[in-house]
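Observations on the model geometry
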Amino acid sequence: MNAPAKKASIPAKTEKPAAFVFGKRPETISGKVEFPLPDGSMATLNCTFRYRTRKEFGELWDDVANTAVRLATEQQEQSAKSDGDASKFTYAYMYERGDAANAENAMKYLVSWGDENPPVTKESLNELFDQAPGASAALWDAYRSLCTCLLYTSDAADEEDSV
């Protein structure tokens with residue numbers, strides 16, 4: 001006896017959302033930033049940064065580099081014009097101007113660094129960069145990685161890795 005043949009059922013086509021949508025961009029991106037403190041311990045900040053495409057990040061980097069060149073030129077010109085000791089080159093002035101420039105630049109990309117910390121301002125950044133010299137480079141390196149490589153270091157990624 002032959003059983004009646006069953007009709008093969010074709011699964012209904014389900015709409016899968018697109019993996020990527022052009023033009024849909026986040027306002028911010030997040031990442032952890034670690035840097036050494038003077039006592040030898042490590043500080044960890046959960047930072048929120050302004051999102052930039054790679055091209056936009058390149059434009060920011062040009063701006064940051066031009067700030068560094070401008071500062072170096074100003075310092076050279078000041079040293080060349082100096083008649084008295086008061087206007088000669090000093091490392092104290094170089095560090096002060098460097099920290100101020102780094103703080104100004106960080107304001108262009110850093111949105112927040114956690115509610116437990118003081119608000120992100122030029123003054124708070126300047127104080128941080130003076131007291132923890134590795135902080136400026138750590139913030140920039142984390143932001144550069146997020147904008148150019150999208151290497152997220154968020155809590156969600158950490159939890160996913162530990163499962």
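Below you will find a few notes about this structure.

1. Describing the packing of helix H3 (residues 122-131) against helix H4 (residues 135-148)
Close contact between H3 and H4 brings their axes to 8 Å; oriented N to C, the two are set at 115°. On the basis of their axis angle, the class for H3 and H4 is roughly perpendicular. Here Leu-125, Leu-128 and Phe-129 of H3 come into contact with H4, specifically with Ala-135, Ser-136 and Leu-139. By residue class, the composition of the contact of H3 with H4 is five nonpolar, one polar and no charged.

2. Concerning the pattern of salt bridges
Within the structure shown, the criterion is met by two salt bridges. Taking the shortest distance from any N to any O, the salt bridge between Glu-56 and Arg-25 comes out at 2.8 Å. Here Glu-56 is found in helix H1 (residues 54-81), whereas its partner Arg-25 is found in the segment before strand S1 (28-36), with 31 residues between them in sequence. Looking at Glu-56, the relative accessible area reads 27%, which means it is partly exposed. The class of Arg-25 is partly exposed, set by a relative accessible area of 40%. The residue Lys-108 makes a salt bridge to Asp-63 at a minimum N-O spacing of 2.5 Å. One end of the pair, Lys-108, is in the loop between helix H2 (91-106) and strand S3 (110-112); the other, Asp-63, is in helix H1, and 45 residues separate them in sequence.

3. Observations concerning the sheet that holds S3
Reading across the sheet, the three strands line up as S1-S2-S3 and stay open at both edges, with antiparallel pairing between neighbours. Each end of this open sheet is capped by a strand with a single partner; those strands are S1 and S3. Taking the axes of each pair of neighbouring strands and ignoring which way they run, one obtains an average angle of 50° across the sheet. Relative to strand S2 (residues 42-50), S1 runs antiparallel, the two sharing nine bridges. Note on S2: the bridge partner recorded for Lys-32 is Asn-46. Of the strands in this sheet, S1, S2 and S3 touch H4, which is tilted by about 145° from S1.

4. Thoughts on the packing of aromatic side chains
Aromatic ring pairs are reported here in terms of the distance separating the ring centres and the angle at which the planes meet. For the structure on display, the rule yields nine aromatic pairs. Aromatic ring contacts, followed pair by pair, group Phe-49, Phe-57, Trp-61, Tyr-109, Trp-140 and Tyr-143 into a single cluster.

5. Observations regarding the side chain of Arg-52
Considering the arrangement of structural elements, one finds Arg-52 in the loop between S2 and H1. Glu-56 provides the closest opposite charge to the buried, unpaired Arg-52, separated from it by 5.9 Å. In this structure the side chain of Arg-52 is engaged in a polar contact, spanning 3.0 Å, whose partner is the backbone oxygen of Lys-108. Here Tyr-143 takes part through its side chain, which lies 2.8 Å from a polar atom of the side chain of Arg-52.

6. Brief notes about the nonpolar core
Formed by 28 residues in total, the largest nonpolar core has its most connected members in Phe-35, Phe-49, Tyr-109, Leu-110, Leu-125 and Leu-139. Every element with two or more residues in this core is listed here: S1, S2, H1, H2, H3 and H4. Sequence-distant contacts of Leu-125, that is, excluding residues within four places in its chain, are made with Ala-103, Ala-106, Met-107, Leu-110, Trp-113, Val-120 and Leu-139.

Conventions we followed
- Residues numbered from 1 in each chain as written.
- Predicted model: local features only at pLDDT ≥ 70, side-chain atom pairs only at ≥ 80, totals over all residues.
- Heavy atoms only, no water.
- Axes fitted to C-alpha atoms, helices over the stretch in contact; angles between N-to-C directions.
- Helix = DSSP H or I, 4+ residues; strand = E, 2+ residues; numbered from the N terminus.
- Parallel < 35°, antiparallel > 145°, perpendicular 65-115°, else oblique.
- Contact = heavy atoms within 4.5 Å.
- Nonpolar A, V, L, I, M, F, W, Y, C, P; charged D, E, K, R; others polar.
- Salt bridge = Lys/Arg side-chain N within 4 Å of Asp/Glu carboxyl O.
- Buried < 20%, exposed > 50% of the residue type's maximum accessible area, 1.4 Å probe, protein only.
- Pairing = 2+ DSSP bridges.
- Phe/Tyr/Trp six-rings, centres within 6.5 Å; stacked < 30°, edge-to-face > 60°.
- Lys, Arg positive; Asp, Glu negative; His and termini not counted.
- Polar contact = N/O pair within 3.5 Å; in protein donor to acceptor, adjacent residues only side chain to side chain.
- Core = buried A, V, L, I, M, F, W, Y, C linked by side-chain atoms within 4.5 Å.

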